[in-house]
Amino acid sequence: MKQYDVIVVGAGHAGCEAAHSAASMGCSVLLVTMNMETIAKMSCNPAMGGVAKGQIVREIDALGGMSGIISDKTAIQFRMLNRSKGVAMWSPRVQSDRWRFAEEWRLALEQNKDVDFFQDSVTELIIEKNKITGVITGMDNKFYAKTVVLTAGTFLNGIIHIGKKQLGGGRMAEKASTGITAQLESLGFESGRMKTGTPPRIDGRSINYSKMEEQFGDDLPGKFSFLPDIQPIETQKSCHITYTNNIVHDILREGFEESPMYNGNITGLGPRYCPSIEDKINRFAERERHQIFVEPEGWNTVEVYVNGFSTSLPQEIQTKALQQVPGFENAKIFRPGYAIEYDFFQPTQLRNSLETKYIEGLFFAGQINGTTGYEEAAAQGLIAGINAVQFVKNEDPVILKRNEAYIGVLIDDLVNRGTQEPYRMFTSRAEYRITLRQDNADERLTPIGFKIGLAKKERIQELEQQKSQIEELTKTLDKCNITVEDSLTILNEDIKEKTRASKLLLRTGVDIKSIMSTSSLKNYNYSQEVLQKTETRFKYSVYIEREQEQAEKLQRLSYIKIPETFDYLKLKAMSMEAREKLMKEKPKTIAEAQKISGVSPSDISVLLIHFGR
């Protein structure tokens, strides 16, 4: 039997990125999946990106991963979220064609000669002297490898809940995976249970869209990938918005006693920031309505995803309640919503490379680490695949710092703080989010991807060319003077003397497009990306420098010692959760305090101020 460099177990978003990165870096890869027809299947909503998640997809692309490219190729709508806020908050999001997305991923993997496939479930890991050597499948096939990346998703001992009904499975109509949890627990791993949910899918032909708000894509759609040959979509498909009401809420409450969440059938913790509709009306009882996003599943299908109506209530309650939502009066359900409960392993049992501490050469990625979301899973899969190759080559692992990438924040949070609920990335989790913008992911990460052999030469060449143009434009704006007439047109106020272009750009409400349209600069021709990045450099330079100084300062001061008898309770400026956690853990240094779950960057700042730093 052929021995592989890397075996990847599971072909969801984490597994696909792991297999692609490892094979693209020159290793032989076996991708084992329970069903070849569901490779890269979007189990929940047909979309990629969003707040903070869009930054992660761009970082994956910058490193040489595929999620951004696949999303761009299969997009049906593009929106840049949070444009009303500062650029650090801008987050790209695409609505995807669910079937085309899975197809493009499978084709991309099949076109890589170093990826082999095998359809079966993995029931056991082959471990010799605390080192992984292979896997055993349900049909008793044995495959051997130097490393294994385990990306089990929601399939480990998965149970599907619809009202009082329970079905074994990792996804509707797909069986669960058994055996691995018990084996890992016998080796000392700590496991737990989590849950997630999904809403009903509706026949779009039965929806009255005239009663809903139409949600269009951006007039000038963008894209995820930094590659110049990947183009934004030219035509887009609309989504729609509607709302629940008190009648809907009353009907849903009728089914609470049959809800697995409330009758004790589900013990796993659900996602705090993506709650079920039952959770919403229970936790926010004062609200008279909740927003529902009506999302098409693709270009040609009539199937519709009801985002915001995740539920595990009995099917008849789902139907009755949904038909009281404006536009859904005659709705026909293709598939009911359901909750799924599954095993995960505390990520504190991992190194920052995502290799397990107990078994050499074994990597975990995705929901097995307690995360939720395609983007978080794909990022972990990418890093696990990269570091599996580094392990095979006996080279240092790639570990991204918190001030280098959202992916660094994600992994650092998981490994050093753990999680008691499905972890979701937010911009607020990143201390250096002005530095970690979606527009500069290539500047931050493409050199790293190129160095390890994942990002191709064309990426680094494109980056260097763009950086050269930005430098050129920056010098031009610093030297060029805008005439009084042009200044008056831009600012709509009386300017007594000509003004340097760079100085004018710093004014509130002045953008680089208006500057470039002036008589002094209208003959220059730069791409939209170069213009936007140059504007950001000018407008945010002070804040970016401040963040970089803070990162360097915190690194220097992180090893300040804390007296063992120190009373954290007296620091009233610190959150009560942080004080209680610190009193319990008693960290010896600021560095140790940073790693405690519940201690935020602002809490660390309070500590530094107290110690005179």
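Please refer to the structure higher up on the page.
Below is a summary of the structure that appears in this document. Positions within a chain are numbered from 1, following the residues in the order the chain's sequence is written. Totals for whole chains, interfaces and linings use every residue, but because this is a predicted model, local features are given only for residues with pLDDT of at least 70 and side-chain atom pairs only at 80 or more, for both listing and counting. Each side-chain value is worked out from all heavy atoms of the structure, with water and hydrogens disregarded.

**Section: the packing of aromatic side chains**
Note on ring pairs: Phe, Tyr and Trp rings are taken, using the six-membered ring of Trp, and paired if centres are within 6.5 Å. Classes follow the plane angle, with under 30 degrees stacked, over 60 edge-to-face and the rest tilted. Applying the stated criterion across every chain, the model contains ten aromatic pairs. Where Tyr 524 meets Tyr 526, the ring centres are 6.5 Å apart and the plane angle is 10 degrees; that geometry is what we call stacked. Look at Tyr 524 and you get partly exposed, because its relative accessible area is 41%. Tyr 526 gets classed as buried once you look at its relative accessible area, which sits at 13%. Measuring from centroid to centroid gives 6.2 Å for Tyr 540 and Tyr 543, while their planes differ by 55 degrees, and the two rings are tilted. Note that Tyr 540 and Tyr 543 are positioned in helix H16 (residues 528-557) at a spacing of three residues, about one turn of the helix. Each residue's exposure class comes from its accessible area (1.4 Å probe, protein chains only) as a fraction of the maximum for that residue type: buried when under 20%, exposed when over 50%, partly exposed otherwise. Given the relative accessible area of 21%, Tyr 540 is considered partly exposed. Secondary structure elements follow DSSP: runs of H or I of four or more residues count as helices, runs of E of two or more count as strands, with numbering from the N terminus.

**What to know about helix H11 (residues 441-451)**
The set of residues buried in H11 consists of Ala 441, Asp 442, Arg 444, Leu 445, Thr 446 and Gly 449. Note on contacts: a residue pair is in contact if any heavy atoms of the two residues lie within 4.5 Å. If you follow the buried residues of H11, they end up packed against helix H2 (53-63), helix H12 (457-479) and H16. Trailing H11 by a residue or two, Gly 453 shows a phi angle of about 90 degrees, which is positive.

**So, the sheet that holds strand E11 (residues 165-168)**
Strand pairing is assigned whenever DSSP identifies at least 2 bridges connecting the two strands. In spatial order, the strands read E11-E10-E19-E12; together these four strands make up an open sheet with antiparallel pairing. The sheet is open, and its two borders are formed by E11 and strand E12 (191-198), each paired with just one other strand. The mean inter-strand angle of the sheet, taken between neighbouring strand axes irrespective of direction, is 25 degrees. Fitting a line to C-alpha atoms yields each axis, with helices limited to the stretch in contact; the angle taken between N-to-C directions then spans 0 to 180 degrees.

**Some details on the packing of H2 against H11**
Helix-helix packing: each pair is described by the crossing angle between the helix axes and the interaxial distance. Put simply, H2 and H11 touch, their axes get as near as 7 Å, and they point 35 degrees apart. Between H2 and H11 lies a crossing of right-handed hand. Here Arg 58, Glu 59, Ala 62 and Leu 63 of H2 lie close against H11, whose contacting residues are Ala 441, Asp 442, Arg 444, Leu 445, Thr 446, Ile 448 and Gly 449. Left-handed is the label given to a crossing in which the near helix is rotated counterclockwise from the far helix by less than a right angle, and right-handed is the label when the rotation is clockwise.

**Concerning the nonpolar core**
We call a set of buried Ala, Val, Leu, Ile, Met, Phe, Trp, Tyr and Cys residues a nonpolar core when their side-chain atoms join them within 4.5 Å. Judged by nonpolar contacts, the single largest core of 99 residues is most densely connected at Ile 7, Val 149, Leu 184, Phe 364 and Ile 407. If you tally residues by element for this core, the top one is helix H9 (residues 374-392), at ten residues. The residues contacting Leu 184, other than those within four sequence positions of it, are Leu 125, Leu 150, Phe 189, Phe 345, Leu 362 and Phe 364. Counting 21 residues, the second largest nonpolar core, distinct from the first, contains Ile 202, Ile 207, Ile 277 and Phe 309.

**Considering the side chain of Gln 380**
Counting through the fold element by element, Gln 380 comes out in helix H9. Only 3.1 Å separates the side chain of Gln 380 from the backbone oxygen of Glu 376, close enough to count as a polar contact. Contact partners of Gln 380, with chain neighbours within four places excluded, come to Leu 354, Ala 365, Gly 366, Asn 369, Thr 371, Leu 410 and Leu 414. What qualifies as a polar contact is a pair of N or O atoms within 3.5 Å, subject to a donor-acceptor requirement within protein and to the restriction that residues adjacent in sequence count only when both atoms come from side chains.

**Topic: the environment of Ile 590**
The residue Ile 590 is located in helix H18 (residues 590-594) in this model. Once the C-alpha coordinates of Ile 590 and Gln 555 are considered, the two residues, 35 residues apart in sequence, prove to be 9.8 Å apart. The contacts of Ile 590, once residues within four sequence positions are left out, are Leu 557, Ser 558, Ile 560, Ile 562, Ile 604, Leu 607 and Leu 608.

**Structural notes on the pattern of salt bridges**
When a carboxyl oxygen of Asp or Glu is within 4 Å of a side-chain nitrogen of Lys or Arg, the pair counts as a salt bridge. For the structure shown, the criterion picks out 31 salt bridges. A salt bridge links Glu 59 to Arg 444, with the nearest nitrogen and oxygen atoms 2.9 Å apart. Of this pair, Glu 59 sits in helix H2 while Arg 444 sits in helix H11, and the two are 385 residues apart along the sequence. In this structure, the salt-bridge partner of Asp 439 is Arg 437, at a minimum N-O distance of 2.8 Å. Here the salt bridges do not stand alone but share partners, grouping Arg 402, Asp 412, Asp 413 and Glu 431 into one network.

**Thoughts on the packing of H9 against helix H10 (residues 406-417)**
Between H9 and H10, the shortest axis-to-axis distance is 10 Å and the interhelical angle comes to 85 degrees. Considering the angle they form, H9 stands roughly perpendicular to H10. Within the contact between the two elements, H9 uses Glu 376, Ala 379, Gln 380 and Ile 383 and H10 uses Ile 407, Leu 410, Ile 411 and Leu 414. Under this grouping Gly is polar, as are all residues other than the nonpolar Ala, Val, Leu, Ile, Met, Phe, Trp, Tyr, Cys and Pro and the charged Asp, Glu, Lys and Arg. Taken together, the residues of the contact of H9 with H10 sort by class into six nonpolar, one polar and one charged. Note on terminology: angles under 35 degrees are roughly parallel, angles over 145 are roughly antiparallel, angles of 65 to 115 are roughly perpendicular, and the others are oblique.

**Overview of unusual backbone geometry**
A positive phi angle, close to 60 degrees, is found at Ala 40, a residue other than glycine. Residue position: Ala 40 is located in the loop between strand E2 (29-33) and strand E3 (47-49). By relative accessible area, which is 1% here, Ala 40 ends up buried. The phi angle at Asn 157 is positive, at roughly 50 degrees, despite the residue not being glycine. Note on placement: Asn 157 falls in the loop between strand E9 (142-150) and strand E10 (159-162). According to the relative accessible area criterion, Asn 157 is partly exposed, its value standing at 28%.

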